[in-house]
Structures are given as structure tokens and as C-alpha cells.
Amino acid sequence: MPAENLCDMKSAESLPEDGRSAACHGPMEALSPVGFPAQGRSIPLIRIGALMGAVLGTIWYALDPRHRKTAEDNVRLALGLNGSAARRIVRANFRHLARVFAEFPGMVGMSAQNIGRFVEAHGVDHVHRSLQKGRGVLILTSHFGNWEWMAYGAPFFLPARLNIVARPLRPQGLNRWVTALRERSGNRVIAKDHALIHALKALKRNEIVAFLLDHNAGKKTGVWAPFFGGYVLTHKTLAHIALKTEAPVHPVFNRRLPDGRYRIDVGPEIPPPPPSGSREERAEAMTAAFNAVIEARIRHTPEQWYWIHRRFRRFRLDKPR
């Protein structure tokens, strides 16, 4: 069924009050902060994003040796590539990320009526069935594809409110602007420092909470989990919340299609570890499973991940004790 018709099948009562207006009312008429029309009719957002990504990404790659080196080092370590093969992926990655950043303001042009022009969603029934358990749903995802478009479009095809755990940006003015855009379609952004308490409250309301689990963790907040042939410190909050609440965890990722839209894939529940062992041991096992899912997605389409992040700066071949 086309995504444009999904809203017609929803009961208005199944959505939060503020989410309902964004998801099921008429098209938004306001302009984005950079002047993109809300419906994207007079300016084709996908074509503009492609052009800006190609131009700005090429310039960025040429003028930013620090991030270029970080990305190339990461690609060499993770994928075992050297020389021209690594540089080819990194150049494509810079163009991809530049395109994602250029597309960000234009996401206000998405609505329930036109969402199919931007993204297509597959496997959403997995979340529908899990929500019937009444424990809420946890989402495992990462900075892959266009994570901003994926989240913004969620209220147009998910039956419950999406809460997104995110690190606040600096300066505060930028954070307020970005948060306002992210929440415009009906989502709620949860500051990372307050993730636990607000995530638990959202799950009690049978809502959805998403974690992007591909950034570095500290020794207090993370566990050493397998990733690309070694071990990296990975945030354990998602695993602890899943074990505490028994809320199902579903992997949700997106990737750009040849026509410039993005395909969102919702996977079945990631099975929890066996009930043997301590809570910390089970959280560690579950976090390892999360990393395996993320790694598989990156290997499938490596140029669409966030390689400029220093994800491997604490990489260890052997698990630290």
C-alpha cells in the first residue's frame, strides 16, 4: 500500500494529540528556514540535495584533511581496504553526508499525503505487533542513510509516538532550531543526559524510543563489545532498558535508493539473551548483538555510514579486562 494512504487507515485516537495534527491533518504550508516550499512542488528537494551533496561533498573532501584522515583510517581498519579503494569509499561518503546535511531543512516538506515521494517503509508490521504487548518498543538504529528523514517521517507510518534519544548540539541556539525541526512532525527529542528516566516513562505510555548506538561511549556508560574484528566501547543503556522493561528491540535502518528516496527497513525483534547470568553479563551480550546488526548494515552499503566519527579511537583487538 502506498505510504501516502497510511494515515487514512489510522485511528486518530491512536496518536498523541500533538502528533495527530502533524501526521493526519492537511499539508504544512510553512516554509523551512532556508526557503524550501513545504510540499516540495516548485523546488524538487531530492534533485537539489543530490546537486548540493555532489558539489559540497567534493569541496568538503578537498578542504577538510582532519575528517578525511579519520574516515580513511576508519575504512582501512574496519573494511581492510587500502589506497584507492579506501579513498573511493571516503569520497562517496563525504558526498553522501553533505547531501544528508543539505536535505535536513527540506524534511519539513514531508506530510502524510506525500511521504512516499521521500521514503518508503518496509516491515512496519513488526512494530505494530510488538506494541500490542503494551510494553512499548525500543528501536536500534545508527547514523546511516538519512537518519533525519527516517525519524521525521516516522509519525506518518508508525502507530505510536517516536521518542529519539539525541546528544544536544552546541551552541544552544542551533540545538533549539534543530530540535524544533526534528519535533515538527510529532516526534519528541530526549536529551541524552536524561535518556533513562524519560525513556522509561515513554515505554510505560506504550510509545517508541529510538537509540542511535554507533557513537563512542565512556568506560562508565559503555561495555567492550565486538565490532569489525575487535572491540569498541559501546553504550549499554539500550540493553539495560530492554532487560528492565522487557520491551522488544527492533532494528530500523534506511538507505538511499537510486532514485534519491530512502528505503526504511524495520526488522523483527532482536532476541534477548538467555535468562542465565547477571544483569551486566546479559546487557553485554545484548550490546554485542546490537553491534553485529549495525556492522552488517554498514558492510552492505559502506558509503552511507558516518565514517567521519572517531568510532575506532578506542578499538582493541583483544577484549580489555
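Now for a quick tour of the structure. Each chain has its residues counted from 1, running along the sequence as written. In keeping with the predicted nature of the model, local features appear solely for residues at pLDDT of at least 70, side-chain atom pairs appear and are counted solely at 80 or more, and the whole-chain, interface and lining totals rest on all residues. In computing side-chain values, all of the structure's heavy atoms are included and hydrogens and water are not.

**Some points on the overall build of the protein chain**
For the record, the criterion: Counting from the N terminus, the helices are DSSP H or I runs at least four residues long and the strands are E runs at least two residues long. Categorising residues by exposure relies on relative accessible area from a 1.4 Å probe, with only protein chains included: less than 20% of the type maximum marks a residue as buried, more than 50% marks it as exposed, and the intermediate range marks it as partly exposed. The contact criterion used is simple: two residues touch if any of their non-hydrogen atoms lie within 4.5 Å. Only the protein chains shown count as cover for residues, and all accessible areas are computed by the Shrake-Rupley method using a 1.4 Å probe.
Counting secondary structure elements, the protein chain contains 11 helices and nine strands. Within the protein chain, buried positions represent 54% of all 321 residues. Within the protein chain, residue pairs in contact and separated by at least 24 positions form 77% of the contacts whose partners lie at least 6 positions apart. Accessible surface, the protein chain: about 15,000 Å² in total, of which carbon and sulfur atoms supply 55%.

**A few points about the packing of aromatic side chains**
As a reminder, the rule being used: Two rings belonging to Phe, Tyr or Trp (six-membered ring only in the last case) form a pair when the distance between their centres is within 6.5 Å. Interplanar angles under 30 degrees mark stacking, angles over 60 mark edge-to-face geometry, and anything in between is tilted. Lysine NZ or arginine CZ positioned within 6 Å of the ring centre and within 35 degrees of the ring normal marks a charge as sitting over the ring.
One pass over the full model with this rule turns up 15 aromatic pairs. Between Phe104 and Trp177, the ring centres sit 5.8 Å apart and the planes meet at 70°, which makes this aromatic pair edge-to-face. Of this pair, Phe104 sits in the loop between helix H5 (83-103) and strand E1 (119-122) while Trp177 sits in helix H8 (residues 172-183), and the two are 73 residues apart along the sequence. Taking 4.7 Å as the distance between ring centres and 85° as the angle between the ring planes, the aromatic pair formed by Trp305 and Trp307 counts as edge-to-face. The exposure class of Trp305 is buried, given its relative accessible area of 1%. Note on Trp307: relative accessible area 1%, which makes it buried. By the ring-pair criterion, three or more aromatic residues cluster together here, those being Phe227, Phe228, Trp305, Trp307, Phe312 and Phe315. Lying over the aromatic face of Tyr61, Arg68 brings its terminal NZ or CZ to 5.5 Å of the ring centre.

**Side note on a nonpolar patch on the surface**
Heads up, the condition is: Patch building starts from residues that exceed 30% relative accessible area and form no salt bridge, then joins like charges within 9 Å and nonpolar side chains (Val, Leu, Ile, Met, Phe, Trp, Tyr) within 5 Å. Definition used for salt bridges: Asp or Glu carboxyl oxygen within 4 Å of a side-chain nitrogen of Lys or Arg.
Taken together, the side chains of Leu51, Met52, Val55, Leu56, Ile59 and Leu63 present a nonpolar region at the surface, about 560 Å² in accessible area. You can see Ile59 is positioned in helix H3 (residues 45-63). When its relative accessible area of 43% is taken as the criterion, Ile59 is described as partly exposed.

**Quick notes on the sheet that holds strand E8 (residues 249-256)**
Note the cut-off: Strands are labelled as partners when DSSP assigns at least two bridges between them. Axis definition: a line fit to C-alpha positions, over the contact stretch in the case of helices; interaxial angles, taken between N-to-C directions, run 0 to 180 degrees.
If you walk across this open sheet you meet the seven strands as E1-E9-E8-E2-E5-E3-E4, and the pairing is mixed. Edge strands, defined here as strands with exactly one partner in the open sheet, are E1 and strand E4 (188-191). Pairwise comparison of adjacent strand axes, ignoring direction, gives a mean angle of 25° for this sheet. Across the sheet, helix H11 (residues 279-300) touches strand E2 (137-141), E8 and strand E9 (262-266), and the angle it forms with E8 is around 15°.

**Here's the deal with the pairing of strand E6 (residues 222-227)**
Of all six residues in E6, five are buried, a share of seventy percent or more. The hairpin formed by E6 and strand E7 (residues 230-235) contains two residues between the paired strands, and Phe228 there has a positive phi angle of roughly 55°.

**Structural notes on the nonpolar core**
Applicable threshold: Side-chain atoms within 4.5 Å are what join buried Ala, Val, Leu, Ile, Met, Phe, Trp, Tyr and Cys residues into a set we call a nonpolar core.
Ranked by size, the top nonpolar core spans 83 residues in total, and within it Leu138, Ile208, Val249, Phe290, Trp307 and Phe312 carry the most contacts. Per-element tally for this core: the top contributor is H5, with seven residues. Ignoring sequence-local partners within four residues, the contact set of Phe312 consists of Asn74, Leu77, Ala78, Phe227, Phe228, Val232, Trp305 and Trp307.

**Details of the packing of helix H9 (residues 195-204) against helix H10 (residues 237-245)**
Threshold: Our angle categories are set so that under 35 degrees counts as roughly parallel, over 145 as roughly antiparallel, 65 to 115 as roughly perpendicular, and the remainder as oblique. For a crossing to be left-handed, the near helix must be turned anticlockwise from the far one by less than a right angle; the clockwise case is right-handed. Residues are grouped as follows: Ala, Val, Leu, Ile, Met, Phe, Trp, Tyr, Cys and Pro are nonpolar; Asp, Glu, Lys and Arg are charged; every other residue, Gly included, is polar.
With their axes 11 Å apart at the nearest point, H9 and H10 run at an angle of 40° to one another. Relative to H10, the element H9 is oriented oblique. The way H9 lies across H10 gives a crossing that is right-handed. Facing Leu196, Ala199, Leu200 and Leu203 of H9, the residues of H10 in contact are Ile241, Lys244 and Thr245. Of the residues assigned to the contact of H9 with H10, the class counts are five nonpolar, one polar and one charged.

**Quick look at the environment of His198**
Topologically, His198 is positioned in helix H9. Taking C-alpha positions, His198 is 9.4 Å from Val165, a pair spaced 33 residues apart along the chain.

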